[in-house]
Amino acid sequence: MITTREARPAVVVERFAVRSAVSLVAACAAGVAFAVVMAVVWAGWAPVREVDQAISDGVTRWVGGSEVLVAAFGGITRLGDTATLTGVTALAVAWLLLRRRPWVAAHVVVTALGGGLLGVVVKELVERLRPLVDVEVAGAPGWSFPSGHTLGATVTYGVLLLVFASVRPARRVVTALVVAIVVVVGFTRVALGVHYATDVLGGWLLGLVWLALTTEVFRRWRRDEGMPEVPLSRGLAPEAADDLRPVSGRRVDVPADLPLVVARLLVAWGLLLGALFALGSWLTAAGPDVPPAWDRAVVEWFAERRVPAWDAVMDRVGTFSGTGPVIGAAVVVCVLALATTRSWRPVLLVVLGLLGEVTLFLLTTAIIDRARPAAKLPGDLPPTSSFPSGHVAASLVLGTAVALLVWRGTGGWWRWPVVATALVIPVAVAAQRLYSGVHYPTDLAGSFLLALPWITVVAMTTINGHGAANSGTRAATDSVTGTAARG
């Protein structure tokens, strides 16, 4: 008679075998389907070509009639850009390395990089031209088959989903989100008129095939290392679940005096808004375009010393101090801080710091109507008043937050150059705003009045307050760095 305890392993083995067989069949089906699509495209089969053209013409005609749709699809399609995928991969790899999972990190790099190279090779083999549509919405260089955005999104987001599937909370939500991103990115390529439908289909199929191959290689390596067989639903490395989880436990560290903490932040925010209003009102008392004499003199001094070499340098500084780069830098800081400290406090420092800065800036510029210094302004300048400088305030908040986190959380020699860089960047941004003639010195003073007190209050509330948090960052860092390397 077979007992329940003896039967359970047999059931587990049977289920694993069935799931493995299904995965193998699915991978083979995807490979065959891609080969068929590639052959049809390569041969230029007329029925498929006509359907492709009809779909492209119809969708681009619909999208091209709405500026909102063009802008929306143009933004969504960036989720499959090389820059975006590279950034996402780099952050994931940094997280895995900080959590002492180098082999999983290597698998992510090989999968993502190999998928990109595979797409380039196939494009050169097929040499399919981009669509010619009745309503041109967007343009793109290079060959058309397969869609690089679609292939890259399938491979990159797919491998990250497989890696982090071992973290159980919100697994279904994340899976649905990844599938939605991959599907929508593919659709945007057709909607923008830069790919045929078969290009997108080829990108999905080739991405799935490559993902299946690299996954099987990794799973065979696990078997060779004597690790147990596990279904993919538990992730590629289920033993790393604790290391991949953002924090050690599920309990959120909520301070007992949360209402008092919120009240302090709101009071500080209100006082800073009042101070900014007072300073702005004094500066514009004579009129929105009548600055103090010395304010104008400083702007003119910078204008007289403009040369092509400095123009190029300052243009680059301006490009990297815009809203997009600041948000990207904040995401990087939050991810790395969370991976290192296993605490949400650094994330709260950055998020609350930037949230308060943005709201103070927007309200102040809406109340204080001050004209900018230069008569001829850059075309990409936002329609906000000159007081205060949002670029300088954001760089101050983010730079100060980084300096605080690095200084408190590490003890190595490298914290000195990191802290110095974090503090020098706002100075460079301030110099660029003066050099370009888009702000007065008193606008920058308003930015300092906004940013430094606010980030100080937020830091005292998040990383300095509530007992053990004083040493939380360093303790968490020591805990992470003390973890044994487990591959």
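Quick summary incoming for the structure in this document.

The rules behind the values
- The residue count restarts for each chain, going from 1 along the sequence in the order it is written.
- pLDDT decides what is reported in this predicted model: residues at 70 or higher carry local features, side-chain atom pairs at 80 or more are listed and counted, and totals for whole chains, interfaces and linings draw on all residues regardless.
- Derived side-chain values reflect all non-hydrogen atoms in the structure, with water molecules and hydrogen atoms excluded from consideration.
- Runs of E in the DSSP output that reach at least two residues are strands. Runs of H or I that reach at least four are helices, and both are numbered from the N terminus.
- Relative accessibility decides the category of a residue: with a 1.4 Å probe and only protein chains considered, values under 20% of the type maximum give buried, values over 50% give exposed, and everything between is partly exposed.
- Contacts between residues were defined by any pair of non-hydrogen atoms, one from each residue, lying within 4.5 Å.
- Here the accessible surface of atoms and residues is derived via Shrake-Rupley with a 1.4 Å probe, and residues count as covered only by protein chains that are part of the display.
- Salt bridges are identified by distance alone: a Lys or Arg side-chain nitrogen within 4 Å of an Asp or Glu carboxyl oxygen.
- Here a polar contact means two N or O atoms within 3.5 Å. Within protein one must be a hydrogen donor candidate and the other an acceptor candidate, and residues neighboring in sequence count only if both atoms are side-chain atoms.
- Between the N-to-C directions of two axes lies an angle of 0 to 180 degrees, each axis being a line fitted to C-alpha atoms and, for a helix, fitted only over the stretch in contact.
- In this scheme the handedness of a crossing depends on how the near helix is turned from the far one: anticlockwise by less than a right angle means left-handed, clockwise means right-handed.
- Side-chain classes follow a simple rule in which Ala, Val, Leu, Ile, Met, Phe, Trp, Tyr, Cys and Pro form the nonpolar group, Asp, Glu, Lys and Arg form the charged group, and the remainder, Gly included, forms the polar group.
- These descriptions rest on fixed angle ranges, namely under 35 degrees for roughly parallel, over 145 for roughly antiparallel, 65 to 115 for roughly perpendicular, and the rest for oblique.
- Buried residues of nine kinds, namely Ala, Val, Leu, Ile, Met, Phe, Trp, Tyr and Cys, make up a nonpolar core once their side-chain atoms join them within 4.5 Å.

**A word on the overall build of the protein**
So, step 1. Each helix and strand in the protein was counted, giving 18 helices and 0 strands.
So, step 2. Across the 487 residues in the protein, those meeting the buried criterion constitute 43%.
So, step 3. The long-range share in the protein, meaning contacts at least 24 apart out of those at least 6 apart in sequence, stands at 80%.
So, step 4. Entry remark: accessible area of the protein is about 25100 Å², with carbon and sulfur atoms responsible for 71%.

**A few points about the pattern of salt bridges**
Oppositely charged side chains are able to pair whenever their charged atoms sit close together.
So, step 1. Considering all chains together, one arrives at 8 salt bridges under this definition.
So, step 2. Measuring nitrogen to oxygen at the nearest pair gives 3.2 Å for the salt bridge that ties Arg223 to Glu216.
So, step 3. Through salt bridges with shared partners, a single network forms among Asp52, Arg128 and Asp199.

**A word on the side chain of Ser447**
So, step 1. Within the element layout of this structure, Ser447 appears in helix H17 (residues 441-462).
So, step 2. The exposure class assigned to Ser447 is buried, which follows from its relative accessible area of 0%.
So, step 3. Looking at Ser447, its side chain comes within polar contact range of the main-chain oxygen of Ser389, at 2.8 Å.
So, step 4. Those residues in contact with Ser447 that lie beyond four places of it in its chain are Pro388, Ser389, Val392, Ala393 and Leu396.

**Some details on the side chain of Thr150**
So, step 1. Of note, Thr150 is situated in helix H6 (residues 148-164).
So, step 2. There is a polar contact of 2.8 Å between the side chain of Thr150 and the side chain of Ser147.

**Concerning the packing of helix H10 (residues 258-283) against helix H14 (residues 345-367)**
So, step 1. The contact between H10 and H14 brings their axes to 10 Å, and the two run at 35°. Remark: the crossing between H10 and H14 carries right-handed chirality. Contact residues: Leu265, Trp269, Leu272, Leu273, Leu276 and Phe277 in H10; Leu352, Gly356, Thr359, Leu360, Leu363, Thr364 and Ile367 in H14.
So, step 2. In terms of residue class, the contact of H10 with H14 is made up of 10 nonpolar, 3 polar and no charged.

**Some words on the packing of helix H12 (residues 308-320) against helix H16 (residues 415-435)**
So, step 1. It is at 9 Å that the axes of H12 and H16 come closest, and there the two elements cross at 120°. Between H12 and H16, the angle falls in the class oblique. In terms of crossing hand, the pair formed by H12 and H16 is left-handed. Judged by residue contacts, Trp310, Asp311, Met314, Val317 and Gly318 of H12 engage Ala428, Val429, Ala431, Gln432 and Tyr435 from H16.
So, step 2. Within the contact of H12 with H16, the residues separate by chemical class into 7 nonpolar, 2 polar and 1 charged.

**Examining the nonpolar core**
So, step 1. Core analysis: the biggest nonpolar cluster contains 51 residues, and Leu349, Val350, Leu405 and Leu450 have the highest contact counts within it.
So, step 2. Looking at this core, the elements with two or more residues in it are H10, helix H13 (323-341), H14, helix H15 (390-409), H16 and H17.
So, step 3. Considering each element in turn, this core owes the most residues, 11 residues, to H15.
So, step 4. Those residues in contact with Val350 that lie beyond four places of it in its chain are Ala330, Val333, Cys334, Leu398, Ala401 and Leu405.
So, step 5. Judged by nonpolar contacts, the second largest core, of 17 residues, contains Val159, Leu160, Leu236 and Ala240.

**Some points on the environment of Val109**
So, step 1. With respect to the helices and strands, the residue Val109 is situated in helix H5 (residues 102-126).
So, step 2. The exposure class assigned to Val109 is partly exposed, which follows from its relative accessible area of 34%.
So, step 3. Residues Val109 and Thr89, spaced 20 residues apart in sequence, show a C-alpha to C-alpha distance of 7.2 Å.
So, step 4. Among residues more than four places away in sequence, those in contact with Val109 are Val93 and Gly114.

**Re unusual backbone geometry**
So, step 1. Pro146 follows Phe145 through a cis peptide bond whose omega is -5°.
So, step 2. Inspection of the secondary structure puts Pro146 in the loop between H5 and H6.
So, step 3. Of note, the bond from Phe387 into Pro388 is cis; its omega dihedral lies within 30 degrees of zero at -10°.
So, step 4. Relative to the elements of secondary structure, Pro388 occurs in the loop between H14 and H15.
So, step 5. You will see that Glu127, though not glycine, has its phi angle at about 55°, which is positive.

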